Amino acid sequence: MIELEGVPELIDPVMVAAFEGWNDAGDAASTAVAHLEREWKGEVFAALDAEDYYDFQVNRPTVFMDGGVRKITWPTTRLSVVRVGGDKPRDLVLVRGIEPSMRWRSFCNELLGFAHELGVELVVVLGALLGDTPHTRPVPVSGVTSDPDLARRMDLEETKYEGPTGIVGVLQEACTHAGVPAVSLWAAVPHYVSQPPNPKATLALLNRLEDLLDLRIPQGELPEDARAWQVGVDQLAAEDSEVAEYVQTLEEARDTAELPEASGEAIAREFERYLRRRDVGPGAGGHATADGGEGGSFRRDTPRDTPGGRARPPKPAKPDTDTPDGAEADDEGGSED
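Residues numbered from 1 in each chain as written. Predicted model: local features only at pLDDT ≥ 70, side-chain atom pairs only at ≥ 80, totals over all residues. Heavy atoms only, no water.

Q: How should the overall build of the protein be read in this particular structure?
A: Scanning the protein from N- to C-terminus turns up nine helices and eleven strands. A fraction of 82% describes how many contacts in the protein between residues 6 or more apart in sequence connect residues 24 or more apart. Looking at the protein as shown, the accessible area adds up to about 16,200 Å², and 49% of this sits on carbon and sulfur atoms. (Helix = DSSP H or I, 4+ residues; strand = E, 2+ residues; numbered from the N terminus. Contact = heavy atoms within 4.5 Å. Areas by Shrake-Rupley, 256 points an atom, 1.4 Å probe, with all protein chains shown as cover.)

Q: It is not clear to me how the packing of helix H6 (residues 199–213) against helix H7 (residues 222–238) should be interpreted in this structure. Could you clarify?
A: For any two helices packed against each other, the geometry is given by the interaxial angle and the distance between the axes. At a minimum axis separation of 8 Å, H6 and H7 run at an interaxial angle of 140°. Looking at the two axes, H6 sits oblique to H7. Note that H6 runs across H7; the crossing there is left-handed. For the pair formed by H6 and H7, the contact residues are Pro199, Lys200, Thr202, Leu203 and Leu206 on the first element and Leu222, Pro223, Asp225, Ala226, Trp229 and Gln230 on the second. Of the residues contributing to the contact of H6 with H7, the split by class is seven nonpolar, two polar and two charged. (Axes fitted to C-alpha atoms, helices over the stretch in contact; angles between N-to-C directions. Parallel < 35°, antiparallel > 145°, perpendicular 65-115°, else oblique. Left-handed = near helix turned anticlockwise from the far one by under 90°. Nonpolar A, V, L, I, M, F, W, Y, C, P; charged D, E, K, R; others polar.)

Q: Teacher, can you tell me more about unusual backbone geometry here?
A: Trans peptide bonds make up most of the peptide bonds, and negative phi angles are found at most residues other than glycine. A cis amide bond, omega 0°, links proline 196 with the succeeding residue proline 197. On the secondary structure map, proline 197 appears in the loop between strand E10 (182–190) and H6. Positive phi, normally seen in glycine, also occurs at aspartate 12, with a value near 40°. As for its position among the elements, aspartate 12 is in the segment before strand E1 (14–20).

Q: For this particular structure, what's the right way to read the packing of aromatic side chains?
A: Describing an aromatic ring pair means giving the distance of the ring centres and the angle of the ring planes. Tallying each qualifying case throughout the model produces four aromatic pairs. Taking the centre distance of 5.8 Å and the plane angle of 65° together, the rings of phenylalanine 19 and phenylalanine 107 count as edge-to-face. Note that phenylalanine 19 is positioned in strand E1 and phenylalanine 107 in helix H3 (residues 104–118), a separation of 88 residues in sequence. Residue phenylalanine 19 is classed as buried on the basis of its relative accessible area, which comes to 1%. Residue classification places phenylalanine 107 among the buried positions, given a relative accessible area of 0%. Ring geometry for phenylalanine 56 against tryptophan 74: centres 5.0 Å apart, planes inclined by 50°, an arrangement best described as tilted. Pair noted here: phenylalanine 56 is in the loop between helix H2 (50–53) and strand E3 (62–66) and tryptophan 74 is in the loop between strand E4 (69–73) and strand E5 (78–84), with a separation of 18 residues, a long-range link. Owing to a relative accessible area of 38%, tryptophan 74 belongs among the partly exposed residues under this scheme. (Phe/Tyr/Trp six-rings, centres within 6.5 Å; stacked < 30°, edge-to-face > 60°. Buried < 20%, exposed > 50% of the residue type's maximum accessible area, 1.4 Å probe, protein only.)

Structure (structure tokens):
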């Protein structure tokens, strides 16, 4: 039994997790959880033992100076709690770390132990994969689950994927076997501009999380960063006729595929989000509900670079079939789980 001291009783807690690595194209998913932690001032209350799950030759520790004292930050996974205010306050348990190098089943069991002790009602795992999607269109985000009942209630896809998987798929399956409702949200990142950061994909994941949990997430500077990112990629594409032609092909395919879906569903979701942001006052942000242990020791804020400050993207080629979980994304943002 995991004993958590200093963590108060939580209100309708939901666990939101993301892991750097194979399931985190463009760092979109891990940056989304870091954004939640930063905006709501989450404080770390627990960390998994790095010795148990990480190969330090693969994920090396980093050294930094703290007031003239040399310290080491070890790669691991940490948990924090934030309270979302408003008419119906609730708590989020944020899990942010790196895909483990070993002992995945024990890793998932330890996270589920925290979820059980905290009374978590739902686990949402964020992921991002490379796909044939144009950077000029809205980022496709798919929501999948292994639970047929949950799929019907929350308007999600029931996963049918078979093939290689990452820690996102393993954790979701562990939740299913443990009887914990679990959902994965996947953002499709253009394979021809996969360098991190990708604030547009991060923003899309957060918007989908808003819809799923019916809450308001402060966006901070993400909308501005997403616009700057797209302008930067537009400029790079304009400098290369082959890239520009390829993007146009992707746009035409995407628009053709989505034409039958130009119903009111997407418009209604966007309008509901607008109303939610309009009705909720500025005081509905959030505050930490747990005393932090190492709050400042692990933060790695993603640089707010635009692609204009990065190397030219490579000439487009057929994307590798070895996308996260072995599934090649389609224009709908599909994934395995």
